[in-house]
Every structure is written in structure tokens, then in C-alpha cells.
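Summary of the model geometry
Okay, here's what each chain looks like letter by letter:
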Amino acid sequence: MKTAQNTVPELRFPEFEGEWKLKRGNDLFLNSRIKGEDGLPIYSVTLNDGLVPRASLDKKMENDAASGDNLRAQAGDLVYNMMRMWQGALGLAHEECMISPAYVVLSGKAKTDTKFFEYNLKRPRSIYDLWAYSYGLTNDRLRLYSKDFLRIKFRVPEEKLEQQKIASFLSSIDDKLTKLRRKRELLNDFKRGLMQQLFSQAVRFKQDDGSEFPEWEYEEFRLLVDRVSKSYNSSIETVNYPAIELESLDQGSGKILNIFNSLDQKSTKTLFNQGDVLFGKLRPYLKKFARPNFDGVCSSEIWVLRGKKITNDFLFFVVQTSRFQKVVNIQSGSKMPRADWNSVADAVFLYPCLEEQQKIADCLSSFDAKIDAVVKQIQQLDTFKKGLLQKMFV
């Protein structure tokens, strides 16, 4: 339990006791201004990933800045971006490197574990303090100068060993998260590769008796699928349905992120049935699709598709193929590009018999289930970590 003075954390390793001490930044850190030198790698601070090699960033940045203009960080130093520290833009140097002169390098003093502070300074309470000590008229002009950071008070364990144990425990959770995210990426990559093999017919299923399925046929999309356009107007309707807006659809995953009440909506919607396939036509390159397991209504920016010669199970994966993406991205409009239904309806698609459709859909659905399970593990571990960050610090 927290004490009334909040001098110890709610959750603590049993071998440690005694109050955490209140210390200013200058009791814990030295502001290092050592200049860089030729040959050292250049790193940048990011909000999500901390300190990373500048060359690894997507945005193009000059990588050979004059060494004398840069600062040098040693392995174990904390580096933060003065302009984004109020948002928690900091990271730990894992090797000797150079960083922008607009950054601040903090070297830990003898009783300071910088890894402990890498976690501590990312907590909402710390972010508030970092914001409060920053100077600027508006958020986009805020700066946290080193002299102000060193004035901030932190409640910390007296023993460096306790700081190290907390940091080590949280690092082990981060390692598990990294492995789970990598597993999710590998499963997604494998699914994409498998879809390519199945829809190009490089890999075919066989019938239950071991014989070959019939050759795939081809047809215009309009003959394979109905585009449902039954409208719903909340101003005259009395039945409340789950309503899906375009922002409700996650990009590329098929997940529905949130649901609204149809009677609260002002614009005309499109009715859909359980199992229909939804596809966002606005900015189709965002790959927003879903297959709700309930009846409802959706934005007019979403197509409601219902299979005729192909099943909805199979259709759900058709809209994820590179072929479908190529056709829907024949767009109209430049600022707000939309997929053109006539272009899609006229496009020819190959399709297998119903039995082979089901085998393909079942196979790919099993991969989706595996990906969903890993995503759930990541979410649970993220929630667990947030709870620890709240309870293991003061």
C-alpha cells in the first residue's frame, strides 16, 4: 500500500525497505557536452523507440553532419530531445555514438541507474513534470533545457541495486513484447505469402478423396458479388443498429475498432447483414475491410459486399489480395481518392469451386486466429506493463 506521503511504491521487491528519497536532477545526472568525432555512428531520438540509428529512420536525413557540431553519448547515457521531452522523447545509448547538438546528454552519477530513469521518465506523472518545467508559449514551441531538467525533483530508491532490479524486471517484459511483436510480423508475412501462393494457384488443395479440384473459372466481379445498397435513415427509423464508420475499421487487419449507435447518426447509412464483407472505398490504399458477426449499418463510404458465385468466407480474403487492391486503387479524385465501383465491377477475377473456396477460407482463417491470439497476448502484456509502471514507481 502507498503511504500517505507516497514515499514508497505500491509494489516493491521484498528485499528492499525504507523510504525512497526525493532528489533533484542535478543530484542524479551530469549534463555531458562532449563533442563528437569522426567515425562514430549518428543516432536520433524517437518517441516510440527511443534512441535509434539515424540511418534506420524512414525519413531522409543527412548522415554525415560535421563531427564537431554533434555531441557524443557514451553507452548508458540518457539522451533527450529538448523540443519533444515534454512528450517523453528520450532514449538510452547502447553504444558510443554522436547525436544532434539540439539534444541533451545525461550521464548518471554513481548512485543512478539510467535504465531505471528511462522507464521512470516515460510514466504519465513524469511526463507531466517534464511538460511543467518546459518553456514556450505553445506546446510546439516548448523546450526543456538541461538546467531546468536538473531542477526537477524525483523520488528514487536510495540503493542503486533496487533501481537496477526494477529496470531489469521491466526489461524482461520488453523482451517478451519484442518477441511477440516479431512473431506477429512473421505470421502476417507468412499469411501474405500463402495468399499469394493460393490465389495464383501455385499451391492447390485437393478434394477429400485425393482427386484434383476443377480448374478455376473467371468472371466479372459484378457477377461474383452483389454490392448491397439498402439505405437506413436515422431520422425516420426506430430500430437501433450497431453503426460502423470508416474510422471504425482498422487498416489491413479486418478488425472493427469501435461501434456507434445508428439512431445517433445524422447521415444516411447502408444496412448490412451478419457475414457481409465491408470495404472502405475512401482512400482504398488504407486497406480497411471487415466481416461483422452482427447485423448493422455502416457509412456510405463503405461498400457492403455479398457473395453470389463466391462465398462471403472466400470474399473476405479476395478483398485482401493484391489483385483486388490493384483494381480498387484505380481511383477518382486526388485529394480524397475513392475506389470506382464500375472499375471494380468490370474487373475479371478467377475463382475456384465452392468446396475449394471453403478450404482456402478455412486455411487462411486459421492463420487469422493465430495472429489474433498473438495480438491478444501483446495487449495483455502491454496492460500488465502499464500497471507495473504505475505501481513500481513513486
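In short, a report on the structure. All figures in this text were calculated on a predicted structure; none of them were measured in a lab.

Right, let's get into the nonpolar core. Core analysis: the biggest nonpolar cluster contains 75 residues, and Phe149, Phe199, Phe221 and Leu305 have the highest contact counts within it. When residues no more than four places from it in sequence are discounted, the contact partners of phenylalanine 221 are Leu305, Leu315, Val318, Phe324, Trp341, Val344, Ala345, Ala347 and Phe349.

Summed over the entire model, instances satisfying the criterion amount to 24 aromatic pairs. Taken together, a centroid distance of 5.0 Å and an interplanar angle of 75 degrees make the contact between phenylalanine 29 and phenylalanine 117 edge-to-face. One end of the pair, phenylalanine 29, is in strand β2 (residues 29-32); the other, phenylalanine 117, is in helix α2 (residues 114-120), and 88 residues separate them in sequence. Taking the relative accessible area as the measure of exposure, phenylalanine 29 reaches 1% and is therefore buried. According to the relative accessible area criterion, phenylalanine 117 is buried, its value standing at 0%.

With that settled, the discussion passes to the packing of helix α5 (residues 160-199) against helix α10 (residues 354-391). One can describe the packing of α5 onto α10 by two numbers: an axis separation of 10 Å at closest approach and a directional angle of 165 degrees. Between α5 and α10, the crossing angle belongs to the class labelled roughly antiparallel. The chirality of how α5 crosses α10 is left-handed. Here the residues of the contact of α5 with α10 sort into 23 nonpolar, two polar and 10 charged.

Positive phi values are uncommon outside glycine, yet glutamine 201 reaches one of about 65 degrees. Relative to the helices and strands, glutamine 201 is located in the loop between α5 and β11 (217-220).

With that settled, consider α5. Taking 1.5 Å of rise per residue, the 40 residues of α5 would be expected to cover 58 Å, and the 58 Å separating its terminal C-alpha atoms lies within 8% of that figure. Directly beyond the C-terminal end of α5, a positive phi value near 65 degrees is found at glutamine 201.

What counts and how
- Residues numbered from 1 in each chain as written.
- Predicted model: local features only at pLDDT ≥ 70, side-chain atom pairs only at ≥ 80, totals over all residues.
- Heavy atoms only, no water.
- Core = buried A, V, L, I, M, F, W, Y, C linked by side-chain atoms within 4.5 Å.
- Buried < 20%, exposed > 50% of the residue type's maximum accessible area, 1.4 Å probe, protein only.
- Contact = heavy atoms within 4.5 Å.
- Phe/Tyr/Trp six-rings, centres within 6.5 Å; stacked < 30°, edge-to-face > 60°.
- Helix = DSSP H or I, 4+ residues; strand = E, 2+ residues; numbered from the N terminus.
- Axes fitted to C-alpha atoms, helices over the stretch in contact; angles between N-to-C directions.
- Parallel < 35°, antiparallel > 145°, perpendicular 65-115°, else oblique.
- Left-handed = near helix turned anticlockwise from the far one by under 90°.
- Nonpolar A, V, L, I, M, F, W, Y, C, P; charged D, E, K, R; others polar.
- Expected span 1.5 Å × (residues − 1).

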